[in-house]
Amino acid sequence: MNTKILIIGACGQIGSELTLALRTIYGDSNVIASDIREGNDELMNSGPFEILDVTDKIALESIIRKYQIEEVYLMAAMLSATAEKFPEKAWQLNMNSLLSILDFAKDGLIKKIFWPSSIAVFGPTTPRENTPQQTVTEPTTVYGISKLAGERWCEYYFNNYDVDVRSIRYPGLISWKTNPGGGTTDYAVDIYHQAIQKGSYECFLSEGTILPMMYMDDAIKATIGIMQADKANIKERSSYNLAAISFAPEEVTAAIKKHIPEFTISYDPDFRQKIADSWPQSIDDAKARSDWGWKHEFDLASMTKAMLTNLKATIG
Ligand code: AKB
């Protein structure tokens, strides 16, 4: 497969693992990584890399032309907690980057786009359990508003210009290779690091805060899966609900305790609690499963085992 692919935001939590996975499938030289700063050695040494500020449309176009890019994965974004601190910057980054890429596709410069949405498109008025694909979307965060607007733009460009844009609403993503930055669900990554390094964790969300989550391996599988699916099978052109597991901090604590019995958790909720309280607890992703065959593999126990084993080998 000689498809030329550009990953924007390749050094972030999803981008770094996605880049390596795509390089294995499509060949190292066909997958161009780009980010505003350099990434880890594995990413930098495995294929082409370009420094790119995605809000610079001219620089973006010149990279697309230089490598004759056909598919773009636009992973650069400001996540929920950071976006509340920098609303204007978040809006500019999250929206302008998407509109530039959609325009390039409309003009025939690229053929296919992956753009990540999030459970943040939902808000306090959304049904919180088994949240349907089509439901009330009244987000109360800047991040959520930008993702909802992005979804509407994706569908608009598909309906009016036949732009082949594909998207999934990621839940909280849990990974060990790269730290996340600025998300509300990120406690569920940090807790594993602290369990190994300190044996205790102070959680910024309160006990009982159930949120939808997913292990990174499953998220990468979904991302590549939706991009490789036949065009006719992608029937949602805004974004697909995607689910794997849901848990509260005390449940991930119990799972960690099976491996580290002395591990303890304490709670000191901050502004992120309000964000978490506005999001669903579980997601109905039946459409993704029936339209393009999505299926998750990792549950809380198997994810915990994988996280602790890999983190012990790297940081422990
Ligand atoms: C966040 O917490 O902001 C993200 C998300 C759910 O999109 N992980």
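Keep in mind that this is a model prediction, so the values were computed, not measured.

A. Layout of unusual backbone geometry. The backbone of Gln68 sits at a positive phi, close to 50°, despite the residue not being glycine. Position of Gln68 relative to the elements: it lies in the loop between helix 3 (57-67) and strand 4 (71-74). Even without a glycine there, the phi angle at Asp162 is positive, about 55°. Topologically, Asp162 is positioned in the loop between helix 6 (142-161) and strand 7 (164-166). Asp162 sits in the partly exposed class, given a relative accessible area of 48%.

B. The sheet that holds strand 1 (residues 5-8), seen in detail. Strands sit in the order 3-2-1-4-5-7 across an open sheet of six strands; the sheet is parallel. Since the sheet does not close on itself, it has two edges, and those belong to strand 3 (49-51) and strand 7, each with one partner. Strand-to-strand twist across the sheet, computed as the mean angle between neighbouring axes with direction ignored, equals 20°. Across the sheet, helix 8 (residues 216-228) is in contact with strand 4, strand 5 (112-114) and strand 7; its angle to strand 5 comes to roughly 155°.

C. Broad picture of the layout of surface pockets. The calculated volume of the largest pocket comes to roughly 1100 Å³. The wall of the largest pocket is formed by 44 residues, among which Met75, Ala76, Ala77, Met78 and Leu79 lie closest to the centre. Where the lining of the largest pocket is concerned, the elements lending two or more residues are helix 1 (13-26), helix 4 (80-85), helix 5 (87-106), strand 6 (117-118), helix 6 and strand 9 (172-174). Broken down by class, the residue content of the lining of the largest pocket amounts to 20 nonpolar, 17 polar and seven charged.

D. Molecular detail of the packing of aromatic side chains. According to the stated counting rule, one finds 10 aromatic pairs in the structure shown. Relative to Tyr157, the ring of Tyr156 has its centre 6.3 Å away and its plane inclined at 65°; by these criteria the two rings are edge-to-face. A relative accessible area of 7% means that Tyr157 is categorised as buried. Seen from their ring centres, Tyr157 and Tyr161 are 5.1 Å apart, and the 65° between their planes marks the pair as edge-to-face. Of this pair, Tyr157 and Tyr161 are both found in helix 6, four residues apart, which corresponds to roughly one turn of the helix. By way of ring pairs, the aromatic residues Trp153, Tyr156, Tyr157 and Tyr161 are connected into one cluster. One Lys or Arg, Lys89, reaches over the ring of Phe86 and ends 6.0 Å from the middle of that ring. It is Arg272 that lies over the ring of Phe204; its NZ or CZ is 3.5 Å from the centre.

Reading guide: rules and limits
- Residues numbered from 1 in each chain as written.
- Predicted model: local features only at pLDDT ≥ 70, side-chain atom pairs only at ≥ 80, totals over all residues.
- Heavy atoms only, no water.
- Helix = DSSP H or I, 4+ residues; strand = E, 2+ residues; numbered from the N terminus.
- Buried < 20%, exposed > 50% of the residue type's maximum accessible area, 1.4 Å probe, protein only.
- Pairing = 2+ DSSP bridges.
- Axes fitted to C-alpha atoms, helices over the stretch in contact; angles between N-to-C directions.
- Contact = heavy atoms within 4.5 Å.
- 1 Å grid on protein atoms, 1.4 Å probe; cavity = no way out; pocket = protein on both sides within 12 Å on 5 of 7 lines; lining within 4 Å.
- Points joined across faces, edges and corners; volume = space filled by probe spheres on them.
- Nonpolar A, V, L, I, M, F, W, Y, C, P; charged D, E, K, R; others polar.
- Phe/Tyr/Trp six-rings, centres within 6.5 Å; stacked < 30°, edge-to-face > 60°.
- Lys NZ or Arg CZ within 6 Å of the ring centre and 35° of its normal.

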